[in-house]
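Descriptive analysis of the structure
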Amino acid sequence: MTSFNLTHVTPSTFILNGIPGREADHIWISIPFFSMYLIAMVGNCSLLYLIWIEEALHRPMYYFLTMLSLTDIAMGTSAMPKVMCIFWFQLKEIDFDACLVQMFFIHTFTGMESGVLMLMALDRYVAICYPLRYGTILTNPVITAMGLITFLRGVILIMPFPYLAKRLPYCHTNVIPHTYCDHMSVVKLACASIRVDAIYGLIVAMLIGGFDILCISISYIMIFRAVVSLSSKEARRKAFSTCTAHISTITISYTPAFFTFFTHRFGGHIIAPHIHIIMANLYLLLPPMLNPIVYGVKTKQIQESVIKLFKGGKVGEK
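Everything quoted here is computed from the prediction, not taken from an experiment. (Residues numbered from 1 in each chain as written. Predicted model: local features only at pLDDT ≥ 70, side-chain atom pairs only at ≥ 80, totals over all residues. Heavy atoms only, no water.)

What to know about the pattern of salt bridges
- According to the stated counting rule, one finds five salt bridges in the structure shown.
- A salt bridge links Lys-166 to Asp-97, with the shortest nitrogen-to-oxygen separation between them at 3.2 Å. Highlighted residues: Lys-166 in helix α8 (residues 160–166) and Asp-97 in helix α5 (residues 96–129), separated in sequence by 69 residues.
- On the basis of relative accessibility, which here comes to 42%, the residue Lys-166 falls in the partly exposed class.
- Residue Asp-97 is classed as partly exposed on the basis of its relative accessible area, which comes to 39%.
- For Arg-153, the salt bridge is made with Asp-212, and the minimal N-O distance between the two is 2.8 Å. Within this pair, whereas Arg-153 is found in helix α7 (residues 140–158), its partner Asp-212 is found in helix α10 (residues 195–228), the two being separated by 59 residues in sequence.
- Of the residues examined, Arg-153 reaches a relative accessible area of 17% and is grouped as buried. (Salt bridge = Lys/Arg side-chain N within 4 Å of Asp/Glu carboxyl O. Helix = DSSP H or I, 4+ residues; strand = E, 2+ residues; numbered from the N terminus. Buried < 20%, exposed > 50% of the residue type's maximum accessible area, 1.4 Å probe, protein only.)

With respect to a nonpolar patch on the surface
- A surface patch of nonpolar side chains, amounting to about 930 Å² of accessible area, comprises Ile-27, Trp-28, Ile-31, Phe-34, Leu-38, Val-42, Trp-88, Phe-89 and Leu-91.
- Only α2 (26–53) and α4 (80–89) provide two or more residues apiece to the nonpolar patch.
- By residue number, the principal contributor to the nonpolar patch is α2, which donates six residues.
- With respect to the helices and strands, Val-42 occurs in helix α2. (Patch = residues over 30% accessible without salt bridge, like charges linked within 9 Å, V, L, I, M, F, W, Y side chains within 5 Å. Areas by Shrake-Rupley, 256 points an atom, 1.4 Å probe, with all protein chains shown as cover.)

Shown next as structure tokens:
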């Protein structure tokens, strides 16, 4: 009977191979990737600072925006430092347990991103459908509880991912054709059935993404009904304008997420591997980079606060 050496069944390290077929271009690909990451960090930290010092922004909408910015910072930072090490220094090795930790954080924060977008949709629903009760419904304790529940939901549902991956034998190869430790990219290396992993991944996707999209859809249906019932055209325009930043953020976040999810499970033989991996990285870079820009461009109060700050006035003054 053939016996496997334990060091081959559970490798001590994985090799993150970067973008398949584009290894020679890693240094050039790193330029836009690093630029996007840098813009994301500066933009989100600036937004957090502005919300912190500007009393006019101490409102539920901006508290949810704070959650989104913190999630974006954590989501990008979970992967990008290691990605840059691969691109710049060819440091492709990652410890087996460190890979599982990275997997946990990336999926937790991407789930948190989806959850915060759902909370922001509920915030717009309350603001438009119950404007007179907005402050009494979304109190600070309620907002804190909503954020905590959303975070714990991600932690609890994602926690089995590392344990499911760790139980598998990896006796063929330890080379991951990716820039970071994604759940499906890791378990596909196993020399055993990954049916449980695939099914659980779909369940988590439905419990997080499916549930959040359903809540967002219902919120906007109710918002649309409330807005079209307004008699004034100007009132309808103003009501819709308060939702444009959030709708843009939803589009930016979910488009690369859907592409990555479906390519992993159904499009592996149709989509070129390097396109899939590039999109998987954009999934972690585009929302953090564009969200502060979108809210800065489309939110009048943020614009006024930025102008006031650059003019040298005391932020928060009338």
